[in-house]
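Spelled out, the chains give:
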Amino acid sequence: MQGAAALAGREPVNGWIALVLYLFIGIAFPAYLQVGLNGVWEQELAAAPGQKAPPPRPDDGSMPPKLADAS
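Treat the numbers as computed from the prediction; the structure is a model and nothing was measured.

### A few points about the packing of aromatic side chains
Under the definition given, this model contains 1 aromatic pair. Relative to Phe29, the ring of Tyr22 lies with its centre 5.2 Å away and its plane at 70 degrees, an arrangement referred to as edge-to-face. Residue Phe29 is classed as partly exposed on the basis of its relative accessible area, which comes to 22%.

### Side note on the confidence of the model for the chain
Model confidence for the chain is summarised by a mean pLDDT of 79, while 89% of its residues fall at 70 or above. Element-level pLDDT for the chain is lowest in helix H1 (residues 2-8), with a mean of 78, against a maximum mean of 86 in helix H2 (residues 15-24).

### Some points on the packing of H2 against helix H3 (residues 28-45)
Direction vectors running N to C along H2 and H3 enclose 150 degrees, while the axes themselves pass 8 Å from each other. By the angle between their directions, the pair H2 and H3 is classed as roughly antiparallel. Residues Ile17, Ala18, Leu21 and Tyr22 of H2 pack against Ala28, Phe29 and Tyr32 of H3. In terms of residue class, the contact of H2 with H3 is built from 7 nonpolar, no polar and no charged.

Scoring rules and cut-offs
Residues numbered from 1 in each chain as written. Predicted model: local features only at pLDDT ≥ 70, side-chain atom pairs only at ≥ 80, totals over all residues. Heavy atoms only, no water. Phe/Tyr/Trp six-rings, centres within 6.5 Å; stacked < 30°, edge-to-face > 60°. Buried < 20%, exposed > 50% of the residue type's maximum accessible area, 1.4 Å probe, protein only. pLDDT = per-residue confidence, 0-100. Helix = DSSP H or I, 4+ residues; strand = E, 2+ residues; numbered from the N terminus. Axes fitted to C-alpha atoms, helices over the stretch in contact; angles between N-to-C directions. Parallel < 35°, antiparallel > 145°, perpendicular 65-115°, else oblique. Contact = heavy atoms within 4.5 Å. Nonpolar A, V, L, I, M, F, W, Y, C, P; charged D, E, K, R; others polar.

Given below as structure tokens:
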């Protein structure tokens, strides 16, 4: 997790907080790491300088069209 954050140029999650969560509140440990990873993924989804932005995702909850049958 810390390596991914470093590669993306983001501040990594705090190791001491992760350790305390792991030891005392085990259920919060994976959630803490996931929040850090979500930030890295959101940053990597953004277009790089000089690159065209990807099309926006529809917010209406619609699903993409189904693929045609290969039969």
